[in-house]
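Geometric and topological summary
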Amino acid sequence: TFIQTEQDKFKDLSNRSLIGTDVRYRFFSSQSYGKGYIGLGALLETIKYKNPQIDPNENSMRISSYLFYTKEFDSNTRFNAYVYYQPKIDQLSDYTILSMAEMQFPIYKNFNLVVSIKANYDSKPPISSDVKKYDVTQSTTFMWKF
């Protein structure tokens, strides 16, 4: 079960909120090759756009399916990757694909350096601006696990 909210001025979103649930199945697990998971569920989505006169706010239900892979190396460095596919239940041509790959490098105890790349695709982005269907983000951050 999950709850999420986000704002994104680059996608003309004032707010996107989700609530949902899914089931996850680990389809492999090995010390040498890592762990692989597949998930399937549903989510309720509310989107409030910056320009609702052109892009009306949305309330929809989506299927949420994903693949997730993780591998921890002997140095405690961790690799994570996922891809989500989230079509609207009543309009399968309206979907998002979210993907990410990251490396977490331990620096000191629970403090890590994280290098990641994310690629997102929205089949029907807002029409009120020049928001593209495809977006790529690279980031380098610090993470404290507690």
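Residues numbered from 1 in each chain as written. Predicted model: local features only at pLDDT ≥ 70, side-chain atom pairs only at ≥ 80, totals over all residues. Heavy atoms only, no water.

**Things to note about the confidence of the model for the chain**
Operational definition: A score between 0 and 100, pLDDT records how confident the predictor is in each residue. Secondary structure elements follow DSSP: runs of H or I of four or more residues count as helices, runs of E of two or more count as strands, with numbering from the N terminus.
Looking at the chain as a whole, its pLDDT mean stands at 93, while 100% of the residues score no less than 70. Looking over the chain, one finds the lowest element-wise mean pLDDT in strand 1 (residues 2-8), namely 91, and the highest in strand 5 (residues 78-87), namely 98.

**Brief notes about unusual backbone geometry**
With the exception of glycine, the majority of residues adopt a negative phi angle, and the majority of peptide bonds are in the trans configuration. Our working definition: Type-normalised accessible area, obtained with a 1.4 Å probe on protein chains alone, sets the label of each residue: buried when under 20%, exposed when over 50%, and partly exposed for intermediate values.
For Asp 12, which is not glycine, the phi torsion reads 60° and is therefore positive. You can see Asp 12 is positioned in the loop between strand 1 and strand 2 (13-30). Residues other than glycine seldom take positive phi values, yet Asn 76 does so here, at roughly 70°. Here Asn 76 falls in the partly exposed class, since its relative accessible area comes to 49%.

**Quick word on the packing of aromatic side chains**
Think of a pair of aromatic rings as described by two things: how far the centres are apart, and how the planes are tilted against each other in angle. The criterion, for reference: Pairing of aromatic rings covers Phe, Tyr and Trp, the last counted by its six-membered ring, and requires centre-to-centre distances within 6.5 Å; plane angles under 30 degrees mean stacked, over 60 mean edge-to-face, and any other angle means tilted. Sitting over a ring, as applied to charges here, requires NZ of Lys or CZ of Arg to be within 6 Å of the ring centre and within 35 degrees of the ring normal.
One pass over the structure, following the stated rule, counts ten aromatic pairs. Ring geometry for Tyr 82 against Tyr 84: centres 5.3 Å apart, planes inclined by 80°, an arrangement best described as edge-to-face. In this structure an aromatic cluster arises from ring pairing among Phe 27, Phe 28, Tyr 69 and Phe 79. Over the face of the ring belonging to Tyr 37 we find Arg 24, whose NZ or CZ atom lies 4.5 Å from the ring centre.

**Section: the layout of surface pockets**
The criterion, for reference: A pocket, in this scheme, is an open set of points on a 1 Å grid over the protein atoms alone with protein on both sides within 12 Å along at least 5 of 7 lines, while a cavity is a set where a 1.4 Å probe fits but cannot get out; residues line either one if an atom lies within 4 Å of a point. Grid points are joined across faces, edges and corners, and a volume is the space filled by probe spheres set on the points. Polar here means any residue outside two lists: the nonpolar Ala, Val, Leu, Ile, Met, Phe, Trp, Tyr, Cys and Pro, and the charged Asp, Glu, Lys and Arg; Gly therefore counts as polar.
In this structure, the largest pocket encloses a volume near 1000 Å³. Glu 6, Lys 11, Arg 16, Leu 98 and Asn 120 are the residues nearest the centre of the largest pocket, which is lined by 41 residues in total. Residue assignment for the lining of the largest pocket shows that the elements contributing at least two residues are strand 1, strand 2, strand 3 (34-49), strand 4 (58-72), strand 5, strand 6 (95-108), strand 7 (111-122) and strand 8 (134-144). Computed from the structure, the second largest pocket encloses a volume of approximately 190 Å³. What lines the second largest pocket is Ser 29, Ser 30, Gln 31, Gly 34, Lys 35, Thr 70, Lys 71, Glu 72, Phe 73, Asp 74 and Arg 78. Secondary-structure elements contributing two or more residues to the lining of the second largest pocket are strand 2, strand 3 and strand 4. In terms of residues, the lining of the second largest pocket owes the most to one element, strand 4, which gives three residues. Partitioned by chemical class, the residues of the lining of the second largest pocket number one nonpolar, five polar and five charged.

**Some words on the pairing of strand 4**
Counted only if it meets this: The pairing criterion is simple: DSSP has to find at least two bridges between the two strands.
Where strand 3 meets strand 4, 13 bridges bridge the pair, whose relative direction is antiparallel. Paired with Leu 44 across the two strands is Met 61, which belongs to strand 4. Looking at chain direction, strand 4 and strand 5 are connected through eight bridges and run antiparallel. Bridge pairing links Ser 65 to Tyr 85 in strand 5. Once strand 4 ends, the chain turns through five residues before running back antiparallel as strand 5, passing Asn 76 with a positive phi of about 70°.

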